[in-house]
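Topology and contacts: notes
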Amino acid sequence: MKPHRRGITRITWFKLTVCACLAAMAASLFTPYPAQIIRALKGEPEPKADAPDAYPPHTSLPPEQPDQTQTAAPDTSGRPGTATEDARLLSPWTPERTIALPPVQYPPFPPVLPTRPSAGALTNIYELARGLNLKTQANFLPGTLASSDKETKSNYQMTLTLNVKQPKALTEKEDILKLNPKLEAILPDLSTLFSHARVSPYYGQIYARKQTEIRKNLASLTRLLDRHNFYDTETILEITHPETRRKLLWLQSEMDVVSDGSDGDRLSAMPDKILKSSFYQPSTSYRWKKRTDKPNPLLKPWQQRLATYKANLAKAPAAEKAALRSKIDHAERVIAELKRYSFLISEYDPFIVVPLGVVNQSSPFSPQFGDYAVVIVDGKLYPALVGDAGPRYKTGEGSLRLSREINPQSGPYSRPVSDLVVSYLIFPGTAEPEAGPPDYEKLTAKCRELLNDIGGLGDAFKLHQWEDLLAPKPPPAPAPSLSASGKEPETTAKDGKTAADKPSETSPSTSSPAPSAASAPAAS
């Protein structure tokens, strides 16, 4: 029989847990949390961040500074000194600790390159770009066994290097006179303009985009930007006239042709080659709300095109559905624009095209759609509007009407000027408050006024006056009716005498001009 153990208390897990909880509660009395809980239950604000007990003594983090821009909460407790307290001090306490980390600096991303060439095969590498001076050379060096050389990729590789000279912007008057010798006679203040000119940042941006375009296409061996379109910008200058403070954006380039635009209000019918074309764009960036209920002539073809896309979408394979949906979205946007707006028409309206990265920017030298411009080439001056935006890496485009006036042989696929001899004088901030169809009389008068702001024109030069080819023609004068005897009826003047009673100023064999409406006698 075992002796009974008296006076020894048996320790269980339950008792150990209770003791640990009591010890934790006792230790918490030496922290600021109970006081904060009591203040929160009483609705009292917490002490300020610079108070001695605002943060635990063991923390090494600096207190978070309150937002200086936050509006202080009104004093609702009636205690003095609380009007400027942070509004967060009036809310219940929530544990919060913020660690400030330095901002992460990421390296610049390389230009986006395609991962694989586009579908299709090139039969000749010379088709990559027209005018590209391509030199090819194959080097065959002695190696080892084929089974061994096959494992080393550098034994069979091609290095493709494109060497391009980056041009610099033209800044001197003497250099531009080599391109257009008549400029000094056309613009008497040319020396003043160039002495106050600076190279626009747009010049560097355009050539940087040209580089990106070449790098992108070079990796996939697709068609490169050709030499003509790479060297299409001689200079872009920002000029402020010292006396009138008139701002001028001078672009020296060549001229390609753009053939876009439509307007049902002014031109209700267009040729079939345009209606059936898949490349013709019915809109321009410069637009205005329709003023009549006449439908745009390109509305019906685009509605038919949309119906075809939707019919093909139902039976198209899954790989082609995404492309068809994109075409459907584009067609719906075009149709909505054609119902609401009218646009410039390249074949009838003189306008120029500027790069998309230049127009509608925050710079005071950035042109807006509808701004006035003057195109100077071969000693002639053509008023125009800034009517459309083109690719970000290309300059020098004019409407078909402007191009054919400069060179009658030009067309949609034939540029009027290939050399960098075209001066585009763009006047930023001169667009009319309300957009509308071009008023050619006002266009010429406004451009003449703007040229006067930069020194005027030489005595031997004047602006070209455009004719509105879409203006309604006056009805022809009615032919005089013949009497029964086959002779014209005699007219009676106010004095009661007939025309036969008055002496004739011309011989009977000479036909006299028709009298004007103001001097013509009333018919009897």
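Described below are features of the structure shown in this document. (Residues numbered from 1 in each chain as written. Predicted model: local features only at pLDDT ≥ 70, side-chain atom pairs only at ≥ 80, totals over all residues. Heavy atoms only, no water.)

Let us look at the overall build of the protein. When you go through the protein residue by residue, the secondary structure sums to 13 helices and 10 strands. Per-residue burial over the protein gives 32% buried out of 524 residues. At a minimum sequence separation of 6, the contacts of the protein that also span at least 24 residues come to 73%. Within the structure as shown, the protein displays about 35200 Å² of accessible surface, and the carbon and sulfur contribution to it stands at 56%. (Helix = DSSP H or I, 4+ residues; strand = E, 2+ residues; numbered from the N terminus. Buried < 20%, exposed > 50% of the residue type's maximum accessible area, 1.4 Å probe, protein only. Contact = heavy atoms within 4.5 Å. Areas by Shrake-Rupley, 256 points an atom, 1.4 Å probe, with all protein chains shown as cover.)

Attention now moves to a nonpolar patch on the surface. On the surface, F14, V18, L22 and M25 cluster together into a nonpolar patch covering about 440 Å² of accessible area. Within the fold, V18 resides in helix α1 (residues 13–28). (Patch = residues over 30% accessible without salt bridge, like charges linked within 9 Å, V, L, I, M, F, W, Y side chains within 5 Å. Salt bridge = Lys/Arg side-chain N within 4 Å of Asp/Glu carboxyl O.)

Here we take up the pattern of salt bridges. Following the criterion strictly, the structure yields 16 salt bridges and no others. In this structure, the salt-bridge partner of E337 is R287, at a minimum N-O distance of 3.2 Å. In this pair, E337 is assigned in helix α11 (residues 318–340) and R287 in strand β4 (residues 287–289), connecting sequence segments 50 residues apart. Note on E337: relative accessible area 23%, which makes it partly exposed. For R287, a relative accessible area of 24% puts it in the partly exposed group. Within the structure, one salt-bridge network assembled from shared partners comprises E254, D256, K394 and R415.

Turning next to the pairing of strand β10 (residues 417–427). For β10, a buried count of 8 out of 11 residues is recorded, marking the element as mostly surrounded by other parts of the structure. Of the pairings in the sheet, the one linking strand β3 (residues 247–258) to β10 comprises 6 bridges and is antiparallel in character. Its bridge partner lying in β10, S253 is registered against V422. Across 5 bridges, the pairing between strand β7 (residues 372–377) and β10 is antiparallel. Residue pairing across strands places Y372 opposite F427, the latter belonging to β10. (Pairing = 2+ DSSP bridges.)

Moving on: the packing of aromatic side chains. Under the definition given, this model contains 6 aromatic pairs. Ring plane angle 85 degrees and centroid distance 4.9 Å describe the contact between F230 and Y231, whose orientation is recorded as edge-to-face. The class for Y231 is partly exposed, based on a relative accessible area of 31%. Between Y286 and W288, the aromatic rings sit 5.7 Å apart at their centres with planes inclined by 55 degrees, giving tilted as the arrangement. Residue Y286 is classed as buried on the basis of its relative accessible area of 10%. For W288, a relative accessible area of 4% puts it in the buried group. Pairwise contacts between aromatic rings join Y203, Y207, F230 and Y231 into one cluster. The aromatic ring of F365 is capped on one face by K247, whose charged end is 5.8 Å from the ring centroid. Sitting above the plane of the W302 ring, R305 keeps its charged end 4.1 Å from the centroid. (Phe/Tyr/Trp six-rings, centres within 6.5 Å; stacked < 30°, edge-to-face > 60°. Lys NZ or Arg CZ within 6 Å of the ring centre and 35° of its normal.)

With that settled, the discussion passes to the nonpolar core. Counting residues in hydrophobic clusters, the biggest one holds 63 residues, and the most contacted among them are W250, I352, V374, L425 and L451. Filtering out sequence-adjacent residues up to four positions away, I352 remains in contact with A373, V375, A384, L385, V386, G387, D388, E397, G398, L402, Y424 and I426. Counting residues in hydrophobic clusters, the runner-up holds 20 residues, among them Y309, L313, I328 and V334. (Core = buried A, V, L, I, M, F, W, Y, C linked by side-chain atoms within 4.5 Å.)

Glancing now at the state of the cysteines. Within the structure shown, the criterion is met by 0 disulfides. As a non-bridged cysteine, C19 has C21 as the owner of its nearest cysteine sulfur, 9.3 Å distant. (Disulfide = S-S within 2.5 Å.)

Turning to helix α13 (residues 440–453), a few remarks are in order. An ideal rise of 1.5 Å per residue puts 20 Å on 14 residues; α13 measures up with 20 Å between its terminal C-alpha atoms. Along α13, the residues classified as buried are Y440, L443, T444, C447, L450, L451 and D453. For α13, the capping residue at the N-terminal end is D439, with a side-chain oxygen 3.3 Å from the backbone nitrogen of E441. Looking at the residues trailing α13, positive phi occurs at G455, about 115 degrees. (Expected span 1.5 Å × (residues − 1). Polar contact = N/O pair within 3.5 Å; in protein donor to acceptor, adjacent residues only side chain to side chain.)

To continue, consider the packing of helix α10 (residues 299–315) against α11. For the pair α10 and α11, interaxial distance at closest approach is 9 Å and the crossing angle is 155 degrees. Judged by the angle between their axes, α10 and α11 are roughly antiparallel. For α10 against α11, the interelement crossing comes out left-handed. Here L299, W302, Q303, L306, Y309, K310, N312, L313 and A314 of α10 lie close against α11, whose contacting residues are K321, L324, R325, K327, I328, H330, A331, E332, V334, I335, L338 and K339. A class-by-class count of the residues in the contact of α10 with α11 yields 12 nonpolar, 3 polar and 6 charged. (Axes fitted to C-alpha atoms, helices over the stretch in contact; angles between N-to-C directions. Parallel < 35°, antiparallel > 145°, perpendicular 65-115°, else oblique. Left-handed = near helix turned anticlockwise from the far one by under 90°. Nonpolar A, V, L, I, M, F, W, Y, C, P; charged D, E, K, R; others polar.)

On to α10, then. Helical geometry note: an α-helix holds 3.6 residues per turn, so side chains three or four residues apart project in the same direction. The terminal C-alpha atoms of α10 lie 26 Å apart, and with 17 residues this matches the ideal 24 Å at 1.5 Å per residue to within 8%. Looking at α10, one finds that the buried residues are L299, P301, W302, R305, L306, Y309 and L313. The buried residues of α10 occupy an angular sector of 160 degrees when projected down its axis, which confines them to one face. For α10, the exposed residues lying more than 90 degrees away from the buried face are K300, A314 and K315. Looking at the buried positions of α10, the neighbouring elements they touch are α9 (272–275) and α11. (Arc of directions from axis to C-beta.)

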